[in-house]
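The primary structure of each chain is shown beneath.
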Amino acid sequence: EAEDALRSMQRRFRGFGMGLDPDRPEVEATVRCGDQTFTNVALHLKGAAGSFRPYDDKPAFTLNFAKKAKGQAFRGMPKVSLNNSVQDPTYVSETLCRDLYRQAGVPVPRTDHVTVEVNGRDLGLYVLAEGWGKAFVKQHFDDDDGNLYDGGFVQDVFERPLDVVSGKHKDQHPGLGRLAKAVEEGNPDRRWAALTNALDVERFVSLVAVDVIVCNWDGYAINRNNYRIYDDPATGRLVFMPHGLDQTFGIGQRMPTSSPIRFPMRAQVAAAVLEHPEGRRRYMARIGQLATNV
């Protein structure tokens, strides 16, 4: 059985820009950390075009402790990722930048550093990241019944249906509908009014500001990538959050380390917010506030 599980982990990578095998074979694992042992942990390889590595290299993993053992959690977290940091040789970008977004008022999962050994093979240092899901939503929002969306791979919000990570009504998407109508509104002032009703503008402006400050070229605002959205029932507004922060401060060389404050925004929502004078005013004010205090 163990040999079958290992063979199923040999998922082939089709090359950069070609995507991954859509099948993500899942195996049951036993996880040991110090004097703690967790059994029936669901494990699969993770990563996208740049970060995926096969099992025989330095793979990244997703571990779901609660999927096959209800209520099981690793230090309060039912799901975690072990990120191989192959795109960040410093191993600190994720932790440093997540702390900056958090201080700016943008919810983001926690991280730490661990060393990993798999079946006697020492894989070295990893970045452990808290998983997205209902447990994360409960930490940051008063009402956890809303839909948490995965932004997908290099796609804007409205290009195709977003995957729902958690939510009480996964087949209903009223918040995304309101945001789409707001972005499509032709009158600038009516568009701004609609945006403020559909979007948590304050946290969104903070997200964009930190994206630019840390040169996050692969985030939502600049590359329409690496983001999650929560449709908060308590406010009726959408909250954008960053994901995949291993290529900031010029890592990956897609964005200079001294980027302009008025950076071109490829993402529709970011462009719509910053096209309005009030949106630009709030953004510039937030840049100054965060650069000074955070």
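For clarity, every value in this text was computed on a predicted model and none was experimentally measured. (Residues numbered from 1 in each chain as written. Predicted model: local features only at pLDDT ≥ 70, side-chain atom pairs only at ≥ 80, totals over all residues. Heavy atoms only, no water.)

Here we look at the pattern of salt bridges
Point 1. Scanning all chains against the criterion turns up 17 salt bridges.
Point 2. E94 is the salt-bridge partner of R98, the closest N and O atoms lying 2.8 Å from each other. Residue R98 and its partner E94 are both found in helix α2 (residues 93-103); the two are separated by 4 residues, about one turn of the helix. Each of the two residues, R98 as well as E94, counts as buried.
Point 3. Taken together, the shared-partner salt bridges connect E202, E278, R281, R282 and R286 into one network. (Salt bridge = Lys/Arg side-chain N within 4 Å of Asp/Glu carboxyl O. Helix = DSSP H or I, 4+ residues; strand = E, 2+ residues; numbered from the N terminus. Buried < 20%, exposed > 50% of the residue type's maximum accessible area, 1.4 Å probe, protein only.)

With respect to the nonpolar core
Soluble globular proteins tend to pack their nonpolar side chains together in the buried interior.
Point 1. Among the nonpolar cores identified, the biggest contains 53 residues, and F204, F240, M265 and V269 are the most heavily contacted of them.
Point 2. For this core, the element with the highest residue contribution is helix α6 (residues 201-213), accounting for 8 residues.
Point 3. Grouped together as the second largest cluster of nonpolar side chains are 21 residues, V31, F38, L45 and V116 included. (Core = buried A, V, L, I, M, F, W, Y, C linked by side-chain atoms within 4.5 Å.)

Quick look at the sheet that holds strand β6 (residues 121-130)
Point 1. Strand order across the open sheet formed by 6 strands is β1-β2-β3-β4-β6-β5, with antiparallel pairing between neighbours. Every interior strand has two partners, whereas the edge strands, β1 (27-33) and β5 (111-118), have only one. On average, each strand axis in the sheet is inclined to that of its neighbour by 40 degrees, with strand direction left out of account.
Point 2. Helix-sheet contacts for α2 involve β5 and β6, and the interaxial angle to β5 is about 155 degrees. (Pairing = 2+ DSSP bridges. Axes fitted to C-alpha atoms, helices over the stretch in contact; angles between N-to-C directions. Contact = heavy atoms within 4.5 Å.)

Remarks on the sheet that holds strand β7 (residues 148-150)
Point 1. The strand order β8-β7-β9-β10 describes an open sheet built from 4 strands, whose pairing is antiparallel. Looking along the sheet, the strands with just one partner apiece sit at the ends: β8 (163-166) and β10 (237-242). Along the sheet, successive strands turn relative to each other by an average axial angle of 30 degrees, direction set aside.
Point 2. Across 3 bridges, β7 lies against strand β9 (residues 227-232) in antiparallel orientation. Looking at the pairing, Y149 lines up with I229 of β9.

Points about the packing of aromatic side chains
Point 1. Considering all chains together, one arrives at 10 aromatic pairs under this definition.
Point 2. Consider the rings of F65 and F74, whose centres lie 5.6 Å apart with planes at 20 degrees: the pair is stacked. Accessibility assignment for this pair places F65 and F74 in one class, buried.
Point 3. Taking 6.3 Å as the distance between ring centres and 70 degrees as the angle between the ring planes, the aromatic pair formed by F204 and Y220 counts as edge-to-face. Note that F204 is positioned in helix α6 and Y220 in helix α7 (residues 220-223), a separation of 16 residues in sequence. (Phe/Tyr/Trp six-rings, centres within 6.5 Å; stacked < 30°, edge-to-face > 60°.)

Let's talk about helix α9 (residues 277-293)
Point 1. Its 17 residues give α9 an end-to-end C-alpha distance of 24 Å, which sits within 8% of 24 Å, the value for a rise of 1.5 Å per residue.
Point 2. Residues G279, Y283, R286, I287 and L290 constitute the buried set of α9. Buried residues of α9, seen end-on, are gathered within an arc of 110 degrees and therefore sit on one face of the element. Across α9 from its buried face, at more than 90 degrees, point the exposed residues P277, T292 and N293.
Point 3. Residues of α9 that are buried sit in contact with α5 (188-198), α6 and α8 (268-275). (Expected span 1.5 Å × (residues − 1). Arc of directions from axis to C-beta.)

As for unusual backbone geometry
Point 1. Positive phi outside glycine occurs at R75, with the angle close to 50 degrees.
Point 2. Relative to the elements of secondary structure, R75 occurs in the loop between β3 (60-64) and β4 (79-83).
Point 3. With a relative accessible area of 59%, R75 lands in the exposed category.
Point 4. Positive phi is not limited to glycine here, since R224 has a value of about 55 degrees.
Point 5. Within the secondary structure layout, R224 lies in the loop between α7 and β9.

Some details on the confidence of the model for the protein chain
Point 1. Per-residue confidence for the protein chain gives a mean pLDDT of 90; residues scoring 70 or more make up 89%.
Point 2. Note that residues 12-20 has pLDDT below 50 and, in this model, 17 contacts with residues that lie over four places away or in other chains. (pLDDT = per-residue confidence, 0-100.)

Details of the side chain of N147
Point 1. Assignment of secondary structure puts N147 in the loop between α3 (134-140) and β7.
Point 2. Residue N147 is classed as buried on the basis of its relative accessible area of 5%.
Point 3. In terms of polar contacts, N147 uses its side chain to reach the backbone carbonyl oxygen of Q172, at 2.9 Å.
Point 4. With near-sequence residues (within four places) excluded, N147 lies in contact with V164, S166, G167, K168, H169, K170, Q172, H173, I229, Y230 and D231. (Polar contact = N/O pair within 3.5 Å; in protein donor to acceptor, adjacent residues only side chain to side chain.)

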